[in-house]
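# Working through the structure, step by step
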Amino acid sequence: MKTIMIEVPSALNGLVAGLQAVIDSVMVQVERGRAGGPVDYAAFQRDVAAKLGEVERRADETALAALDVEAPRVVINGVLHARVLRSATSYKGLAGPAVVERTLYRPVGKRNAPVVDPLALRAGTVLGEWLPATALEMAFEVQQRTSREAEASGRRLGRLPYSHASFERVAHAVGERYVGQHQRIEEALIKEFKVPVAARNVTISLDRVSLPVEEPRARPVGRPAKDAPKRPIARVFRMAYCGTVTLHDEEGEAVYTIRYGTMPDGDPEALCVGMADDAAAILSQRPDLKIALLCDGAKEMWNLLEAQFLTAPFDAQKYILTRLIDFWHVVEKLAPAAKVLAGEEAAKPLLSRWRLLLRNSSKARTTILDELIASGKDLVRVGDNRPVYEAITYLTNNAERMDYAAARRQGLPIGSGSVEATCKSLVDVRMKRPGSRWKNRTGEHTIHLRALALSDRWDDAMKHVFERPRTIIRVAA
């Protein structure tokens, strides 16, 4: 068999053994294949992947070593530093740790000041040892699944072979970076966003979803038992907030959705301000888009949204703003009333008639309200509820938010499925695992990072998260 020669610079000698091992492994498999014998191709794949991982670690070691600065004194961003230690340490790469000799420095004249690692600064590490792509991928894993699942997956794949505790620590470090500057980053993201040509309207929705959180629990009176927890806690459910800004085509189908979330102790008003800023930026590109606010009947949700969307710039005459209660919430509210009016068997045809009327007539709300009032059954109780009275109240309080026929003529959606799906995908799927409980700070990290991933904004956002001011390092004269 013919061979070829590959020239490898002497500076890269550390890669040669690993590359040769890969070549040898492939050659052995090629010869087995040609011989026609049995093939365990899965074993071959795993073997090559492991050896390529070794090459990757050696590549990291070689490249990182070139970032080290070794001198008695250096100037870092104009501040004189003196060398205090040179030793080997491991920097965590995608394929595993890379062990490198690096030099640590301390500002001259500041005896107890933290040491500085020029290599880590230049590489853009997270927590001083996690290389940027490694930290980014670990954070992505943790917004998708639990840290233990991420650990198991990494070990099986031979990528990110780190402990679940490391996944937690690194993911929350990335989350801390993002949450601390998310307003600036979101502003940059929406400026970079190009509204799809197919978009014809934009809907803004807000909803709540329960979430298990950890809260302190009062100690029982008296002397604590020997095995009593030092810090008793309770697992309780509180309401988190989810929001969406969704672009729809002329058929009312979703084209693109930006998702938002905040923990129960978060700031829903700030969340709505962010949604309003994004919607305003979208409309500045496409002032022809129609706007709709879509929510269930919760007063808190409407107060939060209307505080942002009934003011400038959305109150300008050039914008058409429609407010709608989610159609299916209205139907759900009318269903018990229909049973009271028509009985169990006839309730379904009555409800179907009301539903059809709501979809096709702008006078539907008034017609249904008149029927409910004329029935005289507003005092009839079913258990602890008064279905007819509650339906009358609901239709009366939301009089300006039920013109579904007009919305359909404009091509607007009449259901808040986008935000309800977001409640499930953003919170339920990831954050309501059996036995799980969240602290507000770390939960905020996860919910923000997950919102980025579900909005297809992850890569663009992480470019901003990992932006660093230029670090100038030079050897002191």
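Residues numbered from 1 in each chain as written. Predicted model: local features only at pLDDT ≥ 70, side-chain atom pairs only at ≥ 80, totals over all residues. Heavy atoms only, no water.

### A word on the overall build of the protein chain
To keep things clear, this is the line we draw: Put simply, DSSP marks the helices as runs of H or I at least four residues long and the strands as runs of E at least two long, and each gets a number from the N terminus on. We take the radius of gyration over the C-alpha atoms and set the globule estimate at 2.2 Å times the residue count to the 0.38 power. Categorising residues by exposure relies on relative accessible area from a 1.4 Å probe, with only protein chains included: less than 20% of the type maximum marks a residue as buried, more than 50% marks it as exposed, and the intermediate range marks it as partly exposed. For accessible areas, the Shrake-Rupley method is used with a probe of radius 1.4 Å. Any residue's cover is judged against the shown protein chains and nothing else.
Summing up its helical and strand segments, the protein chain has 16 helices and nine strands in all. Compactness check: the protein chain gives a C-alpha radius of gyration of 30 Å against a globular reference of 23 Å for 477 residues, more than 25% above the reference. The C-alpha extent of the protein chain, read off along each of the three principal axes, is 90 × 70 × 60 Å. Looking at the protein chain as a whole, 43% of its 477 residues qualify as buried. If you sum the accessible surface of the protein chain, you get close to 25600 Å²; carbon and sulfur atoms cover 53% of it.

### A short note on the environment of Lys-51
To be explicit about the condition: We call two residues in contact whenever any of their non-hydrogen atoms come within 4.5 Å of each other.
You can see Lys-51 is positioned in helix H2 (residues 41-65). For the pair Lys-51 and Pro-232, spaced 181 residues apart in the sequence, the C-alpha separation amounts to 48 Å. In contact with Lys-51, other than residues within four places in its own chain, are Ala-21, Val-22 and Ser-25.

### Re a negative patch on the surface
So the rule is basically this: Patch membership requires over 30% relative accessible area and the absence of a salt bridge. Like charges are linked within 9 Å, and nonpolar side chains (Val, Leu, Ile, Met, Phe, Trp, Tyr) within 5 Å. When a carboxyl oxygen of Asp or Glu lies within 4 Å of a side-chain nitrogen of Lys or Arg, that pair is called a salt bridge. Two residue types count as positive, namely Lys and Arg, and two as negative, namely Asp and Glu; His and chain ends fall outside the count. Every charge is mapped onto a representative atom, which is NZ of Lys, CZ of Arg, CG of Asp or CD of Glu.
A contiguous patch of negative charge, built from Glu-137, Glu-192, Asp-459 and Asp-460, is present on the exposed surface. Tracing the backbone through its elements, the reader meets Asp-459 in helix H16 (residues 458-465).

### Digging into the pairing of strand E2 (residues 79-93)
Applicable threshold: Pairing between two strands requires that DSSP report at least two bridges joining them.
Note that strand E1 (residues 73-76) and E2 share four bridges and pair antiparallel. Looking at E2, one finds that Val-75 is bridged to Leu-80. Counted along the chain from E1 to the antiparallel partner E2, the turn is two residues long, and its residue Asn-77 has a positive phi close to 50°. As defined by bridge partners, E2 adjoins strand E3 (residues 96-107) across 12 bridges and the pair is classed as antiparallel. Along E3, the bridge assignment pairs Ala-82 with Arg-106.

### Structural notes on helix H6 (residues 164-180)
For clarity, the cut-off: In this analysis, the expected span of each helix is defined as 1.5 Å times one less than the number of residues it contains.
With 17 residues, H6 extends 24 Å between its outermost C-alpha atoms, agreeing within 8% with the 24 Å of an ideal straight helix rising 1.5 Å per residue. Among all positions in H6, only Ser-166, Phe-167, Val-170, Ala-171, His-172, Ala-173, Val-174, Gly-175 and Tyr-178 are buried. Each element contacted by the buried residues of H6 is listed here: helix H4 (132-144), helix H5 (147-157), helix H7 (182-192), helix H15 (440-454) and H16.

### As for the state of the cysteines
Note: disulfide means a covalent bond formed between the sulfur atoms of two cysteine side chains. For the record, the criterion: For the purposes of this analysis, a disulfide is any pair of cysteine sulfur atoms at a distance within 2.5 Å.
Counted under the stated rule, the structure contains zero disulfides. Cys-295 carries a free sulfur, and the closest cysteine sulfur to it, the one in Cys-272, is 8.3 Å from it. Here Cys-423 stays unpaired: no disulfide links it, and the sulfur of Cys-242, its closest cysteine neighbor, is 3.9 Å away. Assessed through its relative accessible area of 6%, Cys-423 is described here as buried.

### Regarding the nonpolar core
Cut-off, in case you're wondering: Only buried residues count toward a nonpolar core. Its members are Ala, Val, Leu, Ile, Met, Phe, Trp, Tyr and Cys residues joined through side-chain atoms within 4.5 Å.
Core analysis: the biggest nonpolar cluster contains 63 residues, and Ile-204, Leu-305, Val-330, Leu-334, Leu-372 and Tyr-404 have the highest contact counts within it. For this core, the element with the highest residue contribution is helix H10 (residues 327-360), accounting for 12 residues. Residues contacting Leu-334, with those up to four places away along its chain left out, are Leu-351, Trp-354, Leu-358, Ile-368, Leu-372, Ala-391 and Leu-395. If you look at the next biggest cluster of nonpolar residues, it comprises 26 residues, including Val-170, Ile-185, Met-462 and Val-465.

### Brief notes about the sheet that holds strand E8 (residues 321-325)
As a reminder, the rule being used: All axes are obtained by fitting lines to C-alpha atoms, using only the stretch in contact for helices, and the reported angles, taken between N-to-C directions, cover 0 to 180 degrees.
The five strands lie next to each other as E6-E5-E4-E7-E8, forming an open sheet whose pairing is mixed. Taken across any chain shown, the strands that pair with only one partner, and hence form the sheet edges, are strand E6 (254-262) and E8. With direction set aside, neighbouring strand axes in the sheet form an average angle of 25°. Sheet topology places strand E4 (residues 201-216) next to strand E7 (residues 290-295); five bridges connect them, and they run parallel. Residue pairing across strands places Thr-203 opposite Ala-292, the latter belonging to E7.

### Examining empty space enclosed by the protein
We count it as follows: Each cavity reported here is a set of points on a 1 Å grid over the protein atoms alone in which a 1.4 Å probe fits but cannot get out, each pocket an open set with protein on both sides within 12 Å along at least five of seven lines, and each lining residue one with an atom within 4 Å of a point. Grid points are joined across faces, edges and corners, and a volume is the space filled by probe spheres set on the points. By the convention adopted, Pro, Cys, Tyr, Trp, Phe, Met, Ile, Leu, Val and Ala count as nonpolar, Lys, Arg, Asp and Glu as charged, and the other residues, Gly among them, as polar.
In this structure the tally under the stated criterion is one cavity of 30 Å³ or more. Quantified by volume, the largest cavity comes out at close to 30 Å³. Together, Ala-139, Val-142, Gln-143, Ala-171, His-172, His-445, Thr-446 and Leu-449 line the largest cavity. At the level of elements, H4, H6 and H15 are the ones that each hand at least two residues to the lining of the largest cavity. Within the lining of the largest cavity, the residues separate by chemical class into four nonpolar, four polar and no charged.

Distances and angles like these do not, on their own, reveal function.
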